[in-house]
Amino acid sequence: MCGITGWISYDNDLTGATERDTLDAMTATMACRGPDAAGRWTDTHAALGHRRLAVIDIEGGKQPMSVERDGHTVLVTTYSGEIYNYRELRAELIDRGHAFRTSSDTEVALHAYLEWGEGFTHHLNGMYAFALWDPREQQLLLVRDRMGIKPLYYYPTPDGVLFGSEPKAILAHPAVRPAVDTDGLAELLAFTKTPGHAVYKGMYELRPGHVLRVRRQGLTEHRYWALEARDHTDGPATTVHRVRELLDDIVARQLIADVPLCTLLSGGLDSSAITALAARGLKDAGRGPVRSFAVDFVGQTENFKADALRATPDSPYAHALAEHVGADHQDIVLDTAALINPAHRRATLTARDLPFGSGESDTSLYLLFKAIRDRSTVALSGESADEVFGGYSWFHDPRAVAADTFPWLSVFRDFGFTGSPTGGREALLHPGLLAKLDLDGYQAARYREALSEVPYREGDPAAERRMREICYLHLTRFVQFLLDRKDRASMAVGLEVRVPFCDHRLVEYVFNTPWSLKTFDGREKSLLRAATRDVLPESVAQRVKSPYPSTQDPRYSDAVRAELRELLDDPDAPVRPLLDTDAARRAAEEGSQDARQPIEVVLGLDAWLRQYDVDLTL
């Protein structure tokens, strides 16, 4: 895993000292993603930067990497990610006459393009975001993996493009100002995650499964992968067997690494299945017990109180799974002081480049990954199983399914997270600002756009069509929040997180499995439970979904209210013009837990406006 950035300018020479300094500044912002090495490659109209996290072929995989023929560079790349089938591709390319200097997957990507042209993406299995510069054609390709596991942003210029793994790389260029308009702020607050939208004005996120071609004549984008509607002819037993067969192959591929590897273990079905399969794979390969890590908070298990989202604490289930598979397990226990530490909160904002108002949920994830990075370089995660297999409660809530909006928004409103009668997470923003943003209208427009993309099978009954829509919305919208969050928090400390449930083969197969098969036992994630039951303790196999944990320590809420009071006493606080100050003062003084989320939104916005010096044009 790495950080990439670059600059194409057809009207300028990028080999000069000033241009190299600019490229170095852009590349330096990616140092957290690639702590092991830095590199740059420049040509007259192309400048590519790279920060490396060495995972495969430690010595030979340095970047940017090029292919030379007859003394000329014919192709060069700055690459981030992993190609899990690179060994098979390498063997096939050798049979086709290609010669390799390294054993890295990066070089395989280069030769795959030379062999198959832009169709090479159809041969790749993995998570990746990379740029390919072809000096012969004076053309750049930006490529992103099918599910959008790895991020990639770009900023068109009058004579080319700027790009980077994260917005901060592009914002480091002197021609770019961090500006956000009404549309951008609505995207930030609406919890919709529109494909391609980067919040910052003039900047775009390359959509999953897309390639952007940059030529002197301009930029063109095309899609090389999309979910399609296909007939599912397998019966229940065959479907369960196929899911397990895919998972065995996926996990085995994703255990390949030349550095220490571990799993993230919450004790839920998803992470437990990955940990159990990884334990079996490592044992079969003679590589010792699997290492696993879980996050916990001081006093959380002992003082846990069930709520509407979380019925049980994680630790007992994580420990049960670890004992069942013989894992070398460790809990990372966080206290409130660490969660409210200004340096940790600033690092979390820097990691994401935007304030999502998730507060200690983001900070704790960052601290978990920071602790794991001292012991491991690669971690396997259970992320996206809920989207693939239908694990969230709202998949099974008739009211949420029937709602004329994204189903998660229907449920979040009930919990006061967003758009609730009391205002939800936007409750402390000025009514005039909310009227201008029209978040309900924005969400409705994005919802209609998403529905227009859904592929259907002819003849499916209305109920099956609706569940296909629900699954599609999660696989193309909701999962993007979680993948981006996990990538940024992990790469901020140089930890590579792999997500086996995002393998496109598994996603395609389960997407086209009828809803009755996905829920054949009357519960959520029936297929996953049946496919992995033999490697799980019964308590874990039967556990009901519990989201990522949140601290219940009242001292945390006290701390954020105190911070809000301090902000309200600062007449120069940049967020003040956006606030309903009377509502904010009431929230700062009252002890209600319901105010925690809207306070987090305000604190995050203020920190972002200060740290990034954002130009708001509302």
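These figures come from a predicted structure and were not determined experimentally.

Considering the packing of helix α16 (residues 439-451) against helix α17 (residues 462-491)
Relative to each other, α16 and α17 sit at 110 degrees, their axes nearing to 10 Å. Classed by the angle they form, the pair α16 and α17 counts as roughly perpendicular. Contacts between α16 and α17 involve Tyr447, Glu449, Ala450 and Leu451 from the former and Arg466, Glu469, Tyr472, Leu473 and Arg477 from the latter. Taken together, the residues of the contact of α16 with α17 sort by class into 5 nonpolar, no polar and 4 charged.

Describing the pattern of salt bridges
Scanning all chains against the criterion turns up 57 salt bridges. The partner of Asp249 in a salt bridge is Arg253, with the nearest N and O atoms 2.9 Å apart. Of this pair, Asp249 and Arg253 both sit in helix α6 (residues 236-254), separated by 4 residues, roughly a single helical turn. According to the relative accessible area criterion, Asp249 is partly exposed, its value standing at 27%. Here Arg253 falls in the buried class, since its relative accessible area comes to 18%.

Notes on helix α11 (residues 360-373)
The terminal C-alpha atoms of α11 lie 19 Å apart, and with 14 residues this matches the ideal 20 Å at 1.5 Å per residue to within 8%. Within α11 the residues assigned to the buried category are Glu360, Ser361, Asp362, Thr363, Ser364, Leu365, Tyr366, Leu367, Leu368, Phe369, Ala371 and Ile372.

Looking at the packing of aromatic side chains
On inspection of all chains with the given rule, the structure shows 23 aromatic pairs. Relative to Phe120, the ring of Tyr113 has its centre 5.5 Å away and its plane inclined at 80 degrees; by these criteria the two rings are edge-to-face. Of the two residues examined, Tyr113 and Phe120, each falls in the buried class. Ring plane angle 25 degrees and centroid distance 5.5 Å describe the contact between Tyr154 and Tyr204, whose orientation is recorded as stacked.

Side note on the sheet that holds strand β15 (residues 291-297)
Spatially, 5 strands are ordered β16-β15-β14-β17-β18 in an open sheet, and the strand pairing comes out parallel. Edge positions in the sheet fall to β16 (328-334) and β18 (496-498), since each has one partner strand and no second. When strand polarity is set aside, the average angle formed by the axes of neighbouring strands in this sheet is 30 degrees. In terms of strand pairing, strand β14 (residues 261-264) meets strand β17 (residues 378-380) through 3 bridges, oriented parallel. Within β17, the position partnered with Thr263 by the bridge is Leu380.

Focus: the environment of Glu323
With respect to the element layout, Glu323 can be found in helix α8 (residues 315-325). Between the C-alpha atom of Glu323 and that of Pro537, which follows or precedes it by 214 residues, the distance is 9.4 Å.

What counts as what
Residues numbered from 1 in each chain as written. Predicted model: local features only at pLDDT ≥ 70, side-chain atom pairs only at ≥ 80, totals over all residues. Heavy atoms only, no water. Axes fitted to C-alpha atoms, helices over the stretch in contact; angles between N-to-C directions. Helix = DSSP H or I, 4+ residues; strand = E, 2+ residues; numbered from the N terminus. Parallel < 35°, antiparallel > 145°, perpendicular 65-115°, else oblique. Contact = heavy atoms within 4.5 Å. Nonpolar A, V, L, I, M, F, W, Y, C, P; charged D, E, K, R; others polar. Salt bridge = Lys/Arg side-chain N within 4 Å of Asp/Glu carboxyl O. Buried < 20%, exposed > 50% of the residue type's maximum accessible area, 1.4 Å probe, protein only. Expected span 1.5 Å × (residues − 1). Phe/Tyr/Trp six-rings, centres within 6.5 Å; stacked < 30°, edge-to-face > 60°. Pairing = 2+ DSSP bridges.

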